Amino acid sequence: MADTVVGENPDPHAAGEDPNRRDFIHIAAGAAAVGAVGALAWPFIDQMNPSADTLALASVEFDLSKVALGQQVTIKWRGKPLFIRKRTEAEIAAAIADDGANLPDPQTDAERHKPGKAEWMILIGACTHLGCVPTFAGGDYGGWFCPCHGSHYDTSGRIRRGPAPLNLPVPDYEFLSDTTVKVG
Amino acid sequence: MLRKGIALAALGLALVGGPALAAGAAAAPKHVDFSFKGPFGKFDQAQLQRGYKVYREVCAACHGMDLLSFRNLGQKGGPFYVPGVQENDNPYVKTIAAEYQINDIDSETGDVIQRPGTSADAFPNPYPNEAAARAGNGGAMPPDLSVMAKARHHGADYIYSLLSGYREPPAGLTVTPGQYYNPYMAGDTTPFWSGDGHAPEGGFIAMPPQLAPDKITFDDGTPSTIDQQAKDVAAFLYWAAEPKMEERKAFGFGAMIYLVIFAGLLYASYRRIWRNVAH
Amino acid sequence: MSGHSTYEPKTGVERWLDTRLPIIRLGWDSIVDYPTPKNLNYWWTFGGILAVCLMIQIVTGVVLAMHYVPHIDHAFASVERIMRDVNYGWLVRYMHANGASMFFIAVYIHMFRGLYYGSYKAPREVLWILGCIIYLLMMATAFMGYVLPWGQMSFHGAVVITNLFGALPIVGEAITTWLWGGFAVDNATLNRFFSLHFLLPFMIAGVVGLHIWALHVPGNNNPTGVNVKSKADTVPFHPYYTVKDGFAIVLFLILFATFLFYNPNALGHADNYIPANPLVTPTHIVPEWYFLPFYAILRAVPDKLGGVILMFGAIAVLFVLPWLDTSKVRSMRYRPTGKLYFLIFVLACLVLGYCGGQLPDDHVIPGLSTFTLIDADLNSFVWLSRLATLYYFGYFLVVLPILGLTETPTAQPESISTPVLSHPAGMPAGAVAAPEKKG
């Protein structure tokens, strides 16, 4: 900027002044302009983040007594399906038996449920490949199967075969009582 | 030249600001020194809590506040804000919400049920619909209070003046049954005036006087006078209408300082660039 | 764009681009090296300020459209949701609402500046007409934007303005029904207003492009109104006017911020925070402040069609202004009589604005009743509006055509540089020129 000033000045006898000081004031003014635009950019970016009312609905409480043994209830949470499954003894045993198998995303079954609550499997029902909703049964491992591109999940929701890279994610949740769970 | 320009703009604004005062023949609202007035004004949290209690125990019987949710009470600047606690997890908010019964649909049976409120729920309207609200109030619709403090000139001052300003109608003023005289209410009393001179200022309102000494017990021990109740609920309603006011003024303070410094830098730069040009 | 380009591509990439799309050359010639008269005062900074206003309105408007719901049942609540729940939504919405007022403050100053310094005269007629088109588009955009929050003033303002078209003979009713998309202002109206409110700003941006193009062909007018004669009369736009405009823009933003952060609802109406109710009209219905002068003209005429014609005529007359002013002298600085008439014209516009905000039958001087003439007391805002309206049209249709032939202008300088560089003793500009010395 300062160079331009000197170059364009029709009366260029700017002798006798400190060029550093002159540069500084133009640079400072320019920096202030950039700073103002930068500072104002944040509100305009942040407005696209989830709003307060969206975040307020982001946690749900669920009454587990509605789910029968061997059944699965799907609820909507943060716009995505949430699988709440009460597993049978056989399904739990199958999952534990596979803890040592060659897993693409190694995790033991115990890491995927709350301690002492092995029958409750709570998962985000979005395939880790490209987000389709897997169906229960139909896969080769007794668990979920994604119809979009053929990913097979076992009874613990772990990926066993197909293009999906990761296990079905377990959301943050806690048991408020034996029959109530709060997700999110 | 620049000064003239600003003066001209200010003059223009002063002129267009005029019409605001023209409506109705009501008395000018009393001026209250609310803590939130002025460029650095903040809400007085204790006052907002008292005001919420007045709203809850008096106003909410007839007036909705549809645009607010319980969680708003616990957000920054709100009556029950606790620093560091997210608005949805605020313990006071949860307790307040749970006191309300919210209409919902049972997801299993599809039946209409009532369940305790959660912080994400909106304040329930006391009436199921407008017709019911009118039927319950002699044909007059109790207006929603969410933005009441912005929907009337002089906002909080007006609400305070109206609520604390009920008085006996002057002799010569005929008040129809179901109506109450209030000098701060907009309207025209001329058709009902049989006394001498000019008809009294103000108008008629369908809402009877609601506040009474000690009608509400303030938890912080503040004497519960009509004046205090009216002030507190006016402050609460101002907060309800403009909950981001503190954030706005704080943002503005920073922005103003930045802009003034920026203007100074540009002026110095401008003087330096133009110093050798005769113009 | 006048004269040949001084842009010289420095790098290979610039040369490559310059032979394919000379966009850097365009920017260089119109923003960096554009020769600008060196005597422009601060009234000339409002062009840059307006460009900033348009950008602010478009950016904030696009953001608001991400959250707004154009439906009569949800519009009001969605605007309040923006204010309460969307991150920084209060900032964006108050910026947009107050930004509209700031836009009009700036455009009115810009227009008065053009009127005073004769910027509409040859060879800048097209430039002026393009400006008038921008102003018309701005009014349409602002009106439809004000409808969107669907408050009481939104709704009844829309009712009143659309009913203006009903004054047209024969086709009036068909046009209003067509505008509404129904039998009244309703959901269909709100939807189309939202769509058009989104579209028009981009049309404004397009016409602004033409406006700048039309500016750069003859070059800027200047406070003396004297044509640029030599290179000594001009300075390159950058850095001289980028920094001067920048300074003025920041001062303007300080005014903007005062409203935005400390009194965001001062320029609006309290009634618009009451959700629209087609069954009850607010007792005192007035448009936004920037329409008040035209509203006063509308109400000054005791006939519906006549009022509408006169109101639109007030804008139409601006389009033919370049051919109404017969004076050979551009700047009012050298037209002592013209200057006086101009100042009364500004006053008349302010009076009209004031009258537009008052109840028409209220007394101007309180408590004084005089006699009634044409349906109204002489001491009423209707009559004050009538007098100001008369002057408004008189200024364009009588004063400017005749005065240009009869008045004796004072001596104009030979060139822009002459009065400034040599300061001849008998220089006529005197007191008028004095304020410019600061700028």
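Bear in mind that the values here come from a model prediction, so they are computed numbers and not experimental data. Starting from 1, residues in each chain are numbered consecutively following that chain's sequence as written. For this description, chains carry letters from A and ligands carry numbers from 1, given in the order in which they are written. Per-residue local features are limited, in this predicted model, to residues with pLDDT of at least 70; the limit for side-chain atom pairs, both in listing and counting, is 80 or more; totals at the level of whole chains, interfaces and linings are taken over all residues. Each side-chain value is worked out from all heavy atoms of the structure, with water and hydrogens disregarded.

### Some words on the overall build of chain A
Step number 1: Helix and strand assignments come from DSSP, with helices taken as H or I runs of at least 4 residues and strands as E runs of at least 2, each series counted from the N terminus. Scanning chain A for helices and strands turns up four helices and 10 strands.
Step number 2: When the helices and strands of chain A are read in sequence order from the N terminus, they spell out α-α-α-β-β-β-α-β-β-β-β-β-β-β.
Step number 3: Within chain A, the proportion of its 184 residues that are buried is 39%.
Step number 4: The criterion used for residue contact is that any of the two residues' heavy atoms lie within 4.5 Å. Long-range contacts, defined as pairs at least 24 residues apart, comprise 49% of the intrachain contacts of chain A with a sequence gap of at least 6.
Step number 5: Residue burial considers only the protein chains on display, and all accessible areas are found by Shrake-Rupley using a 1.4 Å probe. Roughly 9,500 Å² of accessible area belongs to chain A as shown, and the carbon and sulfur atoms make up 58% of that amount. For each residue, the accessible area found with a 1.4 Å probe, counting protein chains only, is set against the maximum for its type, and the residue is called buried under 20%, exposed over 50%, and partly exposed in between.

### With respect to the packing of aromatic side chains
Step number 1: Under the pairing criterion, centres of Phe, Tyr and Trp rings, with the six-membered ring standing for Trp, must be within 6.5 Å; the plane angle then separates stacked pairs below 30 degrees from edge-to-face pairs above 60, leaving the rest tilted. Enumeration over the complete set of coordinates arrives at 64 aromatic pairs over all chains.
Step number 2: Taking the centre distance of 6.3 Å and the plane angle of 50° together, the rings of F43 of chain B and Y238 of chain B count as tilted. Separated by 195 residues along the polypeptide, F43 of chain B in the loop between α1 (2-17) and α2 (45-57) and Y238 of chain B in helix α7 (residues 226-241) bring together distant segments of the chain. Accessibility assignment for this pair places F43 of chain B and Y238 of chain B in one class, buried.
Step number 3: A centroid spacing of 5.6 Å and a plane angle of 65° characterise the contact between F143 of chain C and F193 of chain C, whose relative ring orientation is edge-to-face. One end of the pair, F143 of chain C, is in helix α6 (residues 125-147); the other, F193 of chain C, is in helix α9 (residues 187-216), and 50 residues separate them in sequence.
Step number 4: Residue F143 of chain C is classed as buried on the basis of its relative accessible area, which comes to 17%.

### A short note on the confidence of the model for chain C
Residue and element names in this part refer to chain C.
Step number 1: A residue's pLDDT is simply how confident the predictor is in it, with values from 0 to 100. For chain C, the mean per-residue pLDDT works out to 92, and 95% of the residues sit at or above 70.
Step number 2: In the predicted structure, residues 420-439 sits below a pLDDT of 50 and forms 33 contacts with residues beyond four places in sequence or in another chain.
Step number 3: At the level of chain-chain contacts, confidence expressed as ipTM amounts to 0.89, with global pTM at 0.88.

### Digging into the pairing of strand β4 (residues 120-124) of chain A
Step number 1: Counting buried positions along β4 of chain A yields five of five residues, so the element is predominantly enclosed.
Step number 2: By the alternation rule, side chains of β4 of chain A split into W120, I122 and I124 of chain A and M121 and L123 of chain A, which are all buried.

### Observations regarding the sheet that holds strand β8 (residues 159-161) of chain A
Step number 1: For two strands to count as paired, DSSP must find a minimum of two bridges between them. Spatially, the four strands line up as an open sheet ordered β5-β6-β7-β8 (chain A), and their pairing is antiparallel. The open sheet is flanked by β5 (135-136) and β8 of chain A, the only strands paired with a single partner.

### Topic: the sheet that holds strand β10 (residues 180-183) of chain A
All names here are of chain A.
Step number 1: Read across the open sheet, the three strands follow the order β1-β10-β9; overall the sheet is antiparallel. Where the open sheet ends on each side, the last strands, each with one partner, are β1 (60-63) and β9 (173-175). Within this sheet the neighbouring strands show an average axis-to-axis angle of 20°, counted without direction.
Step number 2: When β1 meets β10, the two strands line up antiparallel, connected through four bridges. All axes here are fitted lines through C-alpha atoms, helices being fitted over the stretch that makes contact, and every angle between N-to-C directions spans 0 to 180 degrees.

### A closer look at the nonpolar core
Step number 1: Residues enter a nonpolar core if they are buried and are Ala, Val, Leu, Ile, Met, Phe, Trp, Tyr or Cys, with the set joined through side-chain atoms within 4.5 Å. W274 of chain B together with F104, Y108, Y392, Y395 and F396 of chain C are the most contacted members of the largest nonpolar core, which totals 144 residues.
Step number 2: A per-element tally of this core places helix α5 (residues 89-116) of chain C first, with 17 residues.
Step number 3: Non-local contacts of Y395 of chain C, meaning those with residues more than four positions away in its chain, are made with M332, Y341, F342, F345 and L400 of chain C.
Step number 4: In terms of nonpolar packing, the next biggest core, distinct from the first, is built from 49 residues, F80, I205, L211 and A240 of chain B among them.

### Brief notes about the packing of helix α4 (residues 75-84) of chain C against α5 of chain C
All names here are of chain C.
Step number 1: Orientation of α4 relative to α5, taken along the N-to-C sense of each, is 120°, at an axis distance of 5 Å. Considered as vectors, α4 and α5 are oriented oblique to each other. Residues V79, I82 and M83 of α4 form the contact with α5, whose participating residues are G89, W90, R93 and Y94.
Step number 2: Here the contact of α4 with α5 is composed, by residue class, of five nonpolar, one polar and one charged. Any angle from 65 to 115 degrees is called roughly perpendicular, while one under 35 is roughly parallel, one over 145 is roughly antiparallel, and all others are oblique. Classification used: nonpolar for Ala, Val, Leu, Ile, Met, Phe, Trp, Tyr, Cys and Pro, charged for Asp, Glu, Lys and Arg, polar for all others including Gly.

### Digging into the side chain of S156 of chain A
All names here are of chain A.
Step number 1: The topology assignment puts S156 in the loop between β7 (151-154) and β8.
Step number 2: Under the rule applied, a polar contact is a pair of N or O atoms within 3.5 Å (in protein, one hydrogen donor and one hydrogen acceptor; residues adjacent in sequence only if both atoms are side-chain atoms). There is a polar contact of 2.6 Å between the side chain of S156 and the side chain of D109.
Step number 3: Apart from residues no more than four positions distant in its own chain, S156 is found in contact with R87, A95, D109, R112, M121, L123 and W144.

### Here we look at the pattern of salt bridges
A side chain of one charge can pair with a side chain of the opposite charge when the charged atoms of the two come close.
Step number 1: Every case where a carboxyl oxygen of Asp or Glu lies within 4 Å of a side-chain nitrogen of Lys or Arg is listed as a salt bridge. Throughout the structure, instances matching the rule amount to 29 salt bridges over all chains.
Step number 2: In this structure, the salt-bridge partner of K37 of chain B is D157 of chain B, at a minimum N-O distance of 2.8 Å. One end of the pair, K37 of chain B, is in the loop between α1 and α2; the other, D157 of chain B, is in helix α6 (residues 155-164), with 120 residues separating them in the sequence.
Step number 3: Under the relative-accessibility criterion, K37 of chain B is labelled partly exposed at 31%.
Step number 4: Residue class for D157 of chain B comes out buried when judged on its relative accessible area of 9%.
Step number 5: E87 of chain B is the partner of R71 of chain B in a salt bridge, and the nearest nitrogen-oxygen pair spans 3.0 Å. Here the residue R71 of chain B occupies a position in the loop between α2 and α3 (91-99), and E87 of chain B occupies one in the loop between α2 and α3, the gap between them amounting to 16 residues.
Step number 6: Accessibility expressed as a relative area gives 2% for R71 of chain B, which makes it buried.
Step number 7: Salt bridges linked by common partners bring D98, D99, D154, R158 and R160 of chain A together as one network.

### Brief notes about the state of the cysteines
Step number 1: The definition used for a disulfide is geometric: two cysteine sulfur atoms within 2.5 Å. What the rule picks out here adds up to one disulfide over all chains.
Step number 2: Across the disulfide from C132 of chain A sits C148 of chain A; the S-S distance is 1.9 Å. Here C132 of chain A and C148 of chain A share a disulfide; its torsion about the S-S bond, -95°, makes the bridge left-handed. On the criterion of sequence distance, the pair formed by C132 of chain A in the loop between β4 and β5 and C148 of chain A in the loop between β6 (142-146) and β7 is long-range, its members being 16 residues apart.
Step number 3: Residue classification places C148 of chain A among the partly exposed positions, given a relative accessible area of 38%.
Step number 4: Free cysteine: C146 of chain A, not disulfide-bonded; nearest cysteine sulfur from C127 of chain A at 3.8 Å.
Step number 5: The class of C146 of chain A is buried, set by a relative accessible area of 2%.
Step number 6: Not engaged in a disulfide, the cysteine C59 of chain B finds its nearest cysteine sulfur in C62 of chain B; these two sulfurs lie 9.2 Å apart.
Step number 7: On the basis of relative accessible area, C59 of chain B is assigned to the buried category, the value being 14%.

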